[in-house]
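Here is what each chain is made of, one letter per residue.
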Amino acid sequence: MKLVTAIIKPFRLDDVKTALQNAGVEGMTLAEIKGFGRQKGHTEIYRGNEYRVDFLPKLILFIAVTDDKLDVAIEAVCSAARTGKIGDGKIFVIPMESATRIRTSENGDVAL
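Residues numbered from 1 in each chain as written. Predicted model: local features only at pLDDT ≥ 70, side-chain atom pairs only at ≥ 80, totals over all residues. Heavy atoms only, no water.

Draft legend 1. The sheet that holds strand β2 (residues 29–35), seen in detail. The sheet built from four strands is open, its strands ordered β2-β5-β1-β6 with antiparallel pairing. If you trace the sheet from one side to the other, it starts and ends with β2 and β6 (89–95), each paired once. Strand-to-strand, the axes of this sheet are offset by a mean angle of 20°, without reference to chain direction. Note: β2 against strand β5 (residues 56–65), seven bridges, orientation antiparallel. Residue E32 lies in a different strand from β5, and its bridge partner there is L59. In this fold helix α1 (residues 13–22) packs onto β1 (2–8), β2 and β5, with an angle of close to 10° to the strand it touches most, β5. (Pairing = 2+ DSSP bridges. Helix = DSSP H or I, 4+ residues; strand = E, 2+ residues; numbered from the N terminus. Axes fitted to C-alpha atoms, helices over the stretch in contact; angles between N-to-C directions. Contact = heavy atoms within 4.5 Å.)

Structure (structure tokens):
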């Protein structure tokens, strides 16, 4: 089992969710975050004062998958989140030792 962590632009969420569902990946968790990297942020003017916005809004997705669905999950996120512009995001893959469904106490792949 693997934990896929994807950081994407917020407006790409529906496309990523649809792509994952079409790839047979069930379930994900998301959180709204802010981050910076190569995008470098931007400046805004509010009431005559200029402000530097370094941290841009992003979404972080946590997707637990079995080893056999890892490649399709990564491809689904990449293809759906890609705009071709800087700041499209990143994907990290972490080995997952175990998973337990709380309701039934099922362990391993069946808990996903």
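Draft legend 2. Structural detail: the UniProt feature "modified residue: O-UMP-tyrosine" (unreviewed entry) in the protein chain. Listed under "modified residue: O-UMP-tyrosine" (unreviewed entry) in the UniProt record, and renumbered for this structure, are Y51. With respect to the helices and strands, Y51 occurs in strand β4 (residues 49–53). (UniProt positions renumbered as here; feature names shortened; annotations may be inferred.)

Draft legend 3. Spotlight on the environment of T83. Examined against the element boundaries, T83 turns out to sit in the loop between α2 (70–81) and β6. T83 sits 74 residues away from K9 along the chain, and the two C-alpha atoms are 9.4 Å apart. Those residues in contact with T83, other than ones at most four positions away along the chain, are K9, F11, R12 and D88. In this structure the side chain of T83 is engaged in a polar contact, spanning 3.2 Å, whose partner is the backbone nitrogen of K85. (Polar contact = N/O pair within 3.5 Å; in protein donor to acceptor, adjacent residues only side chain to side chain.)

Draft legend 4. Quick peek at α2. Taking 1.5 Å per residue, twelve residues should reach 16 Å; α2 reaches 17 Å between its end C-alpha atoms and fits that length. Residues of α2 that are buried: L70, A73, A76, V77, A80 and A81. Taken end-on, α2 shows its buried residues confined to a sector of 135°, consistent with a single buried face. Residues of α2 that are buried sit in contact with β1, α1, β5 and β6. (Expected span 1.5 Å × (residues − 1). Buried < 20%, exposed > 50% of the residue type's maximum accessible area, 1.4 Å probe, protein only. Arc of directions from axis to C-beta.)

Draft legend 5. Summary view of the nonpolar core. Ranked by size, the top nonpolar core spans 18 residues in total, and within it I8, V16, L20, L61, I63, V65 and V77 carry the most contacts. Of all the secondary-structure elements, those providing two or more residues to this core are β1, α1, β5 and α2. In terms of residue count, the dominant contributor to this core is α2 (six residues). For V16, the contacting residues outside a window of four places in its chain are I8, L61, V77, A80 and A81. (Core = buried A, V, L, I, M, F, W, Y, C linked by side-chain atoms within 4.5 Å.)

Draft legend 6. Representation of the pairing of β5. Most of β5 sits inside the fold, with seven of its ten residues counted as buried. Summarising the sheet, β1 and β5 pair through seven bridges and their orientation is antiparallel. For L3, the partnering residue across the bridge sits in β5 and is A64.

Draft legend 7. Main features of the pattern of salt bridges. Under the defined criterion, the tally for this structure stands at four salt bridges. For D67, the salt bridge is made with K2, and the minimal N-O distance between the two is 3.6 Å. With D67 in the loop between β5 and α2 and K2 in strand β1, this pair connects stretches of sequence that are 65 residues apart. Classification of D67 as partly exposed rests on a relative accessible area of 48%. Across the pair D88 and K9 runs a salt bridge, and its minimum N-O distance is 3.8 Å. (Salt bridge = Lys/Arg side-chain N within 4 Å of Asp/Glu carboxyl O.)

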